[in-house]
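Listed here are the chains, written in short residue letters.
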Amino acid sequence: MNQTDKKILNEIQKEFPVSKFPYKTIGQKLGLTEQKVFNTVIKLKKQGMIRRIGAFFDKKKLNYASALIALKVEDKNVHKVAKIVNSYPEITHNYLRKDEYNIWFTCIASSTNDIKKIINSIQTKGKIKETLFLPAKKTFKLSAIFKV
């Protein structure tokens, strides 16, 4: 990853412009062309450095539910199950932990029942026997920005 890649990643984590030409706005701020910013974002997405670019909404105001889910997955199946998890747009992010429950992810959907359907689907596709379902009880405002 070069310095330009890092500058762009750092910038879009903090603030992604809501405008007709967001890549141009970012480019002007960083001293880059609109095309350079756009091409870099596409490249980083293809490399898996960027999973998604999107807005965060107040799920409570939209009457949505959220939960933290943990899966107990055999080491040999971790990558396969991660791909299954990543295929659901309701999954906001996931991560691997060194624990018996080794794949953790958050899910936001229109209801708790919808979240449970997604979990059941992942369990079936991934042949997973054990999960933890931890529905959100309280909302915390977090800012997860990773300095690159």
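In the block above lies the structure referred to throughout.
This report concerns the structure included in the present document. (Residues numbered from 1 in each chain as written. Predicted model: local features only at pLDDT ≥ 70, side-chain atom pairs only at ≥ 80, totals over all residues. Heavy atoms only, no water.)

1. So, the packing of helix H2 (residues 22-30) against helix H3 (residues 34-46)
Next, step 1: Where H2 meets H3, the axes come as close as 7 Å, and the angle between the chain directions of the two elements is 110°. Taken as axis vectors, H2 and H3 run roughly perpendicular relative to one another. The residues of H3 that touch H2, namely those facing Tyr23, Lys24, Ile26 and Gly27, are Glu34, Val37, Phe38 and Val41.
Next, step 2: Considered class by class, the residues forming the contact of H2 with H3 number five nonpolar, one polar and two charged. (Axes fitted to C-alpha atoms, helices over the stretch in contact; angles between N-to-C directions. Helix = DSSP H or I, 4+ residues; strand = E, 2+ residues; numbered from the N terminus. Parallel < 35°, antiparallel > 145°, perpendicular 65-115°, else oblique. Contact = heavy atoms within 4.5 Å. Nonpolar A, V, L, I, M, F, W, Y, C, P; charged D, E, K, R; others polar.)

2. Things to note about the pattern of salt bridges
Next, step 1: With the rule as written, the count across this model stands at six salt bridges.
Next, step 2: Taking the shortest distance from any N to any O, the salt bridge between Lys72 and Glu100 comes out at 2.9 Å. One end of the pair, Lys72, is in the loop between strand E1 (65-71) and helix H4 (78-86); the other, Glu100, is in the loop between strand E2 (91-96) and strand E3 (103-109), and 28 residues separate them in sequence.
Next, step 3: Residue classification places Lys72 among the partly exposed positions, given a relative accessible area of 26%.
Next, step 4: Lys72 is the salt-bridge partner of Glu130, the closest N and O atoms lying 3.1 Å from each other. With a gap of 58 residues between them, Glu130 in the loop between helix H5 (112-126) and strand E4 (131-135) and Lys72 in the loop between E1 and H4 connect regions that are remote in the sequence.
Next, step 5: The partly exposed category is assigned to Glu130, whose relative accessible area is 36%.
Next, step 6: Sharing partners across several salt bridges, the network here consists of Glu11, Lys14 and Lys29. (Salt bridge = Lys/Arg side-chain N within 4 Å of Asp/Glu carboxyl O. Buried < 20%, exposed > 50% of the residue type's maximum accessible area, 1.4 Å probe, protein only.)

3. Regarding the environment of Lys83
Next, step 1: Relative to the helices and strands, Lys83 resides in helix H4.
Next, step 2: In sequence terms Lys83 and Gly126 are 43 residues apart; their C-alpha atoms lie 9.6 Å from each other.

4. So, the sheet that holds E2
Next, step 1: One open sheet accounts for four strands, arranged E2-E3-E1-E4; its pairing is antiparallel. Looking at the sheet topology across the chains shown, the edges are occupied by E2 and E4. Strand-to-strand twist in this sheet, taken as the mean axis angle between neighbours without regard to direction, amounts to 15°.
Next, step 2: Note: E1 against E4, five bridges, orientation antiparallel. Counted as the bridge partner of Leu71 is Thr131 from E4.
Next, step 3: Lying on the sheet, H5 is in contact with E1, E2, E3 and E4; it crosses E1 at an angle near 25°. (Pairing = 2+ DSSP bridges.)

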